[in-house]
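Summary of the model geometry
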Amino acid sequence: MGKLALAAKITHVPSMYLSELPGPRQGTRQDAIDGHREIGRRCRELGVDTIVVFDTHWLVNANYHVNCAPHFKGLYTSNELPHFISNLAYEFPGNPALGQLLARVCNEHGVETLAHPATTLAPEYGTLVPMRYMNQDQHFKVISVSALCQVHYLADSARLGWAMRRAVEEHYDGTVAFFASGSLSHRFAQNGLAPEYAFKIWSPLLEHMDRDVLRLWQAGDWATFCDMLPEYASKGHGEGFMHDTAMLLGALGWSDYDGHAEIVTPYFGASGTGQLNAVFPVTPQSGQAIPAAQASSAHGYRAFPRL
């Protein structure tokens, strides 16, 4: 039926927006912006109708959530970095039918997920920043998925990614892209040192870890990466505990994935954090390596009441 046409790990650094504005930072993130535009161009070329963003700025404390309102429009100011993103205008269509389908199939796979098709909840900047450069003409419908998961298992996030791919391929009449919107290492510069680290990684150790991970991605050594992901997410200060990355790798087949990452925007430092844009070829997968559902198999588990 449907098709997952493109998968990518993308940056959403707010300094991309600063890079547009007159001042000392103007033009300094053009490489990241160009990377977003290239990924958007590829989506158009592949006939993508909807972009699903695993957003590490959407914090949740129970269950997984899908923001699939019919339309999104507003002005956004970051509560985290209001001096970087202030009054950013956005507008793009949503896809309620697909969002509800994604949630339904996730639940069928044992990962409790709630769709929100009638909501005033606005997307976070993990979604808004990339859509600014990929979707200014509102060509794509957009769905945002919670990926700053505070008390969740990475295994469940991987299973969610696989379930969402099954939903698209088995039940959806259309073409979709999945984006993991988040950094690699995410250790911000200590307060007072942010300007010094505007274009640097916080520590040599974190930079070495990130670069080793990128070598694994480019070599296609997914068995090693998936095995080390929980420890890397913790010790490497992964953004959103790297649930976005687990979701993306789950959609791609987890440790059985046989593709090689293509770096579109080379690794760079931003306020101490490690960033890039990378595309992952979507290959046929059986799903046999996908982890079993973990939360729903726990002793004492109770399903979230359907309201």
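Since the structure is predicted, the reported quantities are computational estimates derived from the model, not experimental observations.

**Comments concerning the packing of aromatic side chains**
Aromatic ring pairs are described here by two measures, namely the spacing of the ring centres and the angle between the planes. Scanning all chains against the criterion turns up twelve aromatic pairs. Their ring planes at 55° and their centres at 5.8 Å tell us that tryptophan 222 and phenylalanine 280 sit as a pair that is tilted. In this pair, tryptophan 222 is assigned in helix H7 (residues 222–235) and phenylalanine 280 in strand S10 (residues 273–280), connecting sequence segments 58 residues apart. Members of the aromatic cluster, connected to one another through ring pairs, are Trp217, Trp222, Phe225, Tyr232, Tyr257 and Phe280. In this structure, lysine 200 is placed above the aromatic ring of tyrosine 197, and the distance from its NZ or CZ to the ring centre is 4.5 Å.

**A look at the packing of helix H6 (residues 204–219) against H7**
The relative placement of two packed helices comes down to the angle between their axes together with the axis-to-axis distance. Between H6 and H7, whose axes approach to 10 Å, the crossing angle comes to 160°. As far as their axial angle goes, H7 and H6 are roughly antiparallel. Considering how the two elements wind past one another, H6 and H7 form a crossing that is left-handed. For the pair H6 and H7, contact is made by Leu206, Met209, Asp210, Val213, Leu216 and Trp217 and by Trp222, Thr224, Phe225, Met228, Tyr232 and Lys235, respectively. Taken together, the residues of the contact of H6 with H7 break down into nine nonpolar, one polar and two charged.

**Some details on the pattern of salt bridges**
Here the structure, examined in full by the defined rule, presents 15 salt bridges. Here glutamate 196 makes a salt bridge to lysine 200, at a shortest N to O gap of 3.9 Å. Glutamate 207 is the partner of arginine 211 in a salt bridge, and the nearest nitrogen-oxygen pair spans 3.0 Å. Of this pair, arginine 211 and glutamate 207 both sit in helix H6, four residues apart, which is roughly one turn of that helix. On the accessibility criterion, arginine 211 (35% relative accessible area) is partly exposed. Each of the salt bridges in this network shares a partner with another, and the network as a whole consists of Glu38, Arg41, Arg42, Glu45 and Glu262.

**Notes on the confidence of the model for the chain**
For the chain, the average pLDDT comes to 96, and 99% of its residues sit at 70 or higher. In the model of the chain, helix H1 (residues 15–18) stands out as the element of lowest mean pLDDT, 95, in contrast to strand S8 (residues 175–181), which has the highest, 99.

**A look at the sheet that holds strand S2 (residues 50–60)**
One open sheet holds the eight strands; their spatial order is S6-S3-S7-S2-S8-S1-S10-S9, and the pairing between them is mixed. Two strands bound the open sheet, and with one partner strand each, they are strand S6 (113–116) and strand S9 (262–270). Geometrically, the sheet is characterised by an average inter-axis angle of 20° between neighbouring strands, direction not taken into account. Sheet analysis places strand S1 (residues 3–10) next to S8, joined by seven bridges and oriented parallel. Bridged to alanine 8 within S8 is phenylalanine 179. The strands that helix H2 (residues 30–45) touches are S1, S8, S9 and S10; relative to S9, the one it contacts most, it runs at about 150°.

**Let's talk about the side chain of glutamine 285**
Mapped onto the elements, glutamine 285 comes out in the segment after S10. Engagement of the side chain of glutamine 285 in a polar contact is seen with the side chain of aspartate 258, the distance being 3.2 Å. Side chain to side chain, glutamine 285 and threonine 283 meet in a polar contact 3.0 Å long. In contact with glutamine 285, not counting residues within four places along its chain, are Trp162, Arg165, Leu252, Gly253, Asp256, Tyr257 and Asp258.

**Here's the deal with H7**
The first and last C-alpha atoms of H7 sit 19 Å apart over 14 residues, in line with the 20 Å expected at 1.5 Å per residue. At leucine 229, H7 shows its largest bend, some 55°, and a proline, proline 230, comes one to four positions later. In the stretch just after H7, histidine 237 is the one whose phi turns positive, near 55°.

**Some words on unusual backbone geometry**
In the Ramachandran plot, histidine 237 falls in the positive-phi region, its phi being about 55° despite a non-glycine side chain. With respect to the helices and strands, histidine 237 occurs in the loop between H7 and helix H8 (243–252). Histidine 237 sits in the partly exposed class, given a relative accessible area of 38%. Even without glycine at this site, phenylalanine 241 takes up a positive phi of about 60°. The class of phenylalanine 241 is partly exposed, set by a relative accessible area of 41%.

**Thoughts on the state of the cysteines**
Following the criterion strictly, the structure yields zero disulfides and no others. Take cysteine 149: it sits in no disulfide, and the sulfur closest to it among the cysteines is that of cysteine 106, at 12 Å. In this structure cysteine 149 comes out as buried when scored by relative accessible area, which is 1%.

**What to know about the environment of glutamine 294**
Inspection of the secondary structure puts glutamine 294 in the segment after S10. For the pair glutamine 294 and serine 157, spaced 137 residues apart in sequence, the C-alpha separation works out to 9.8 Å. If we ignore the near neighbours within four places in the chain, the residues touching glutamine 294 are Tyr153, Ala155 and Asp156.

Definitions and cut-offs
- Residues numbered from 1 in each chain as written.
- Predicted model: local features only at pLDDT ≥ 70, side-chain atom pairs only at ≥ 80, totals over all residues.
- Heavy atoms only, no water.
- Phe/Tyr/Trp six-rings, centres within 6.5 Å; stacked < 30°, edge-to-face > 60°.
- Helix = DSSP H or I, 4+ residues; strand = E, 2+ residues; numbered from the N terminus.
- Lys NZ or Arg CZ within 6 Å of the ring centre and 35° of its normal.
- Axes fitted to C-alpha atoms, helices over the stretch in contact; angles between N-to-C directions.
- Parallel < 35°, antiparallel > 145°, perpendicular 65-115°, else oblique.
- Left-handed = near helix turned anticlockwise from the far one by under 90°.
- Contact = heavy atoms within 4.5 Å.
- Nonpolar A, V, L, I, M, F, W, Y, C, P; charged D, E, K, R; others polar.
- Salt bridge = Lys/Arg side-chain N within 4 Å of Asp/Glu carboxyl O.
- Buried < 20%, exposed > 50% of the residue type's maximum accessible area, 1.4 Å probe, protein only.
- pLDDT = per-residue confidence, 0-100.
- Pairing = 2+ DSSP bridges.
- Polar contact = N/O pair within 3.5 Å; in protein donor to acceptor, adjacent residues only side chain to side chain.
- Expected span 1.5 Å × (residues − 1).
- Bend = angle between axes of the 7 residues up to and from the residue.
- Disulfide = S-S within 2.5 Å.

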